[in-house]
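# Geometric and topological summary
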Amino acid sequence: MIETSDATNLQKELAQLVPNLRAFARSLCGNADQADDLVQETLVKAWRSRESFAEGSNLKAWLFTILRNTFLSERRKRKFEVHDTDGKLAMQLSVKGEQSGHMDLVDFAKAFATLPQEQREALILVGAEGFAYEDAALMCGCAVGTIKSRVNRARVKLSEMLAVDEPGTTDVDDDGAEIDSRATVG
Amino acid sequence: MNDEGNEADNTAGRQKLMDQKDGKDVQAGTAGAMPADDSHVALPKEAQGRIGQHLRRIYGEILSEPLPDKFSQLLDNLAKTERSE
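Every residue gets a number counted from 1 within its own chain, in the order that chain's sequence is written. Just so you know, chain letters begin at A and ligand numbers begin at 1, following the order they were written in. Only residues with pLDDT of at least 70 are given local features in this predicted model, and only at 80 or more are side-chain atom pairs given and counted; all residues enter the totals for whole chains, interfaces and linings.

### Comments concerning the overall build of chain A
Working definition: helices are DSSP H or I runs of at least four residues, strands are E runs of at least two. Numbering for both runs from the N terminus. Each helix and strand in chain A was counted, giving 9 helices and 0 strands. Ordered by position from N to C terminus, the α and β elements of chain A give α-α-α-α-α-α-α-α-α. Exposed residues have 12 or fewer other C-beta atoms within 10 Å of their own C-beta, buried residues have 20 or more, and partly exposed residues fall in between, where C-beta atoms are placed from the backbone. A buried classification covers 46% of the 186 residues belonging to chain A. In this description, any two residues whose backbone-derived C-beta atoms lie within 7 Å of each other are considered to be in contact. By sequence separation, contacts in chain A at least 24 residues apart represent 55% of the contacts at least 6 residues apart.

Below, the structure written as structure tokens:
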């Protein structure tokens, strides 16, 4: 059985990582309330299976993996409705961006929300959380090359979309037009 | 600025259970028929940096949001049930 002091430590460490879990969850499911439910579920699962956490390994990576798996299995059960390719279920951070008048960030959040889920998570894990490609690959259960490819595709797409929305502010020319031809549904 | 830099920090030889699978995108439901190995079409560094900045700024805004009490309450409850078991 785990020592009481270990349990207290774990409780503290979990508490410290809650903001990261919330941010990651929101980038996955795009809805703040669902994201918080997802985080709570993750905390419960993590607590109950803490014996299986390898001491000294990356707690954040472990938690993110639990959160991601929970998200995917919930989504399979259709508890979360995430057909956010139309950008309606944007990362809800855009709300705050609108309030503070950061239009470029609002546009960015909207563009981000149109990315496929696997590209969003890859970009968040590597670009925002700073995980190594190798770790992100482990967390997503895919090859390192796949993660690199997803991150790159996400960046290219974002760059195209933002160039389209803000004419004259970037040096990307009319390449952005090909977005529309690619955006086939079904 | 440089979100590639983290790659170098990875000393994590701890879980080398990488099953390389087949390098294919197994769940590319929304991505259409794009090939998995298009990573050679890289963006210029400048554009990458701009996107990275936006991303971290937005992500940082969520990170700095005040936390609802429900999370610490949940953790307290979990720890309590542990002790009473």
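After that view, the rundown keeps rolling.
### Describing the overall build of chain B
A tally of helices and strands in chain B yields 2 helices and 0 strands. Counting across all 85 residues of chain B, residues that qualify as buried make up 15%.

### A short note on the environment of E160 of chain A
Along the chain, E160 of chain A falls in helix α8 (residues 144-165). Taking the C-alpha atoms as reference points, E160 of chain A and I147 of chain A, separated by 13 residues in sequence, lie 20 Å from one another.

### Details of the confidence of the model for chain B
Residue and element names in this part refer to chain B. Per-residue confidence from the predictor is reported as pLDDT, a score between 0 and 100. Residues of chain B with pLDDT of at least 70 account for 47%, and the chain-wide mean is 65. Here residues 1-37 is modelled with pLDDT under 50, and outside its nearest four sequence neighbours on either side it reaches 48 contacts, counting other chains as well. We note a pTM of 0.71 for the whole complex and an ipTM of 0.75 for its interfaces.

### A look at the packing of helix α2 (residues 32-48) of chain A against helix α3 (residues 59-76) of chain A
Residue and element names in this part refer to chain A. At a minimum axis separation of 9 Å, α2 and α3 run at an interaxial angle of 120 degrees. One way to sum up the angle between α2 and α3 is to call them oblique. The hand of the α2/α3 crossing is right-handed. Of the residues in α3, those touching α2 at L38, V39, E41, T42, K45 and A46 are L63, I66, L67, T70 and F71. Under this grouping Gly is polar, as are all residues other than the nonpolar Ala, Val, Leu, Ile, Met, Phe, Trp, Tyr, Cys and Pro and the charged Asp, Glu, Lys and Arg. Here the contact of α2 with α3 is composed, by residue class, of 7 nonpolar, 2 polar and 2 charged. The angle between two axes is taken between their N-to-C directions and runs from 0 to 180 degrees, where each axis is a line fitted to C-alpha atoms and a helix contributes only its stretch in contact. Here the angle decides the label: under 35 degrees means roughly parallel, over 145 means roughly antiparallel, 65 to 115 means roughly perpendicular, and every other value means oblique. A crossing counts as left-handed when the near helix is turned anticlockwise from the far one by less than a right angle, and as right-handed when that turn is clockwise.

### Topic: the environment of A15 of chain A
Relative to the helices and strands, A15 of chain A resides in helix α1 (residues 4-29). The spacing of A15 of chain A and L43 of chain A is 28 residues in sequence and 9.2 Å in space, taken between C-alpha atoms.

### Some words on α3 of chain A
All names here are of chain A. Relative to the 26 Å expected for 18 residues at 1.5 Å per residue, α3 spans 26 Å between its end C-alpha atoms, a close match to the ideal helical length. Taken residue by residue, α3 has L63, F64, I66, L67, R68 and F71 as its buried positions. Positive phi appears at R78, one or two residues downstream of α3, with a value of about 65 degrees. Residue count minus one, scaled by 1.5 Å, sets the expected span of a helix.

### A word on the nonpolar core
The term nonpolar core refers to a set of buried Ala, Val, Leu, Ile, Met, Phe, Trp, Tyr and Cys residues connected through C-beta atoms within 7 Å. One finds A25, L67, A122, V126, A136 and I147 of chain A to be the most contacted residues of the largest nonpolar core, which totals 58 residues. Put simply, the parts of the chain that give this core at least two residues each are α1, α2, α3, α5 (103-113), α6 (117-128), α7 (133-140) and α8 of chain A together with α1 (45-63) of chain B. Here the element with the most residues in this core is α1 of chain A; it accounts for 10 residues. Domain segmentation is taken from an automatic or database assignment of domains. Domain assignment of the residues forming this core places at least three in each of domain 1 (1-82) and domain 2 (115-186) of chain A. Apart from the residues lying within four places of it in its own chain, the contact partners of L67 of chain A are L21, F24, A25, L38, V39 and T42 of chain A.

### Quick look at the domain arrangement of chain A
Residues and elements named next belong to chain A. As far as domains go, chain A holds domain 1 (1-82) and domain 2 (115-186). Residue-level contacts link 10 residues of domain 1 with 8 residues of domain 2. Of all elements in the fold, only α1 and α3 reach the threshold of two or more residues within the side of domain 1 that touches domain 2. A per-class count over the side of domain 1 that touches domain 2 returns 5 nonpolar, 4 polar and 1 charged.

### Looking at α6 of chain A
Residues and elements named next belong to chain A. Taking 1.5 Å as the rise per residue, α6 with 12 residues should run 16 Å; its terminal C-alpha atoms sit 15 Å apart, in good agreement. The buried fraction of α6 is high, at 12 of 12 residues. All buried positions along α6 are accounted for by Q117, E118, Q119, R120, E121, A122, L123, I124, L125, V126, G127 and A128.

### Points about the confidence of the model for chain A
With 72% of its residues at a pLDDT of 70 or more, chain A shows a mean pLDDT of 80. Per-residue pLDDT stays below 50 along residues 84-89 of chain A; that stretch engages in 12 contacts with residues further than four places along the chain or on separate chains.

### Structural notes on the environment of V44 of chain A
Residue and element names in this part refer to chain A. Structurally, V44 is set in helix α2. Given 16 C-beta atoms within a 10 Å radius, V44 is considered partly exposed. Separated by 27 residues in sequence, V44 and F71 place their C-alpha atoms 14 Å apart.

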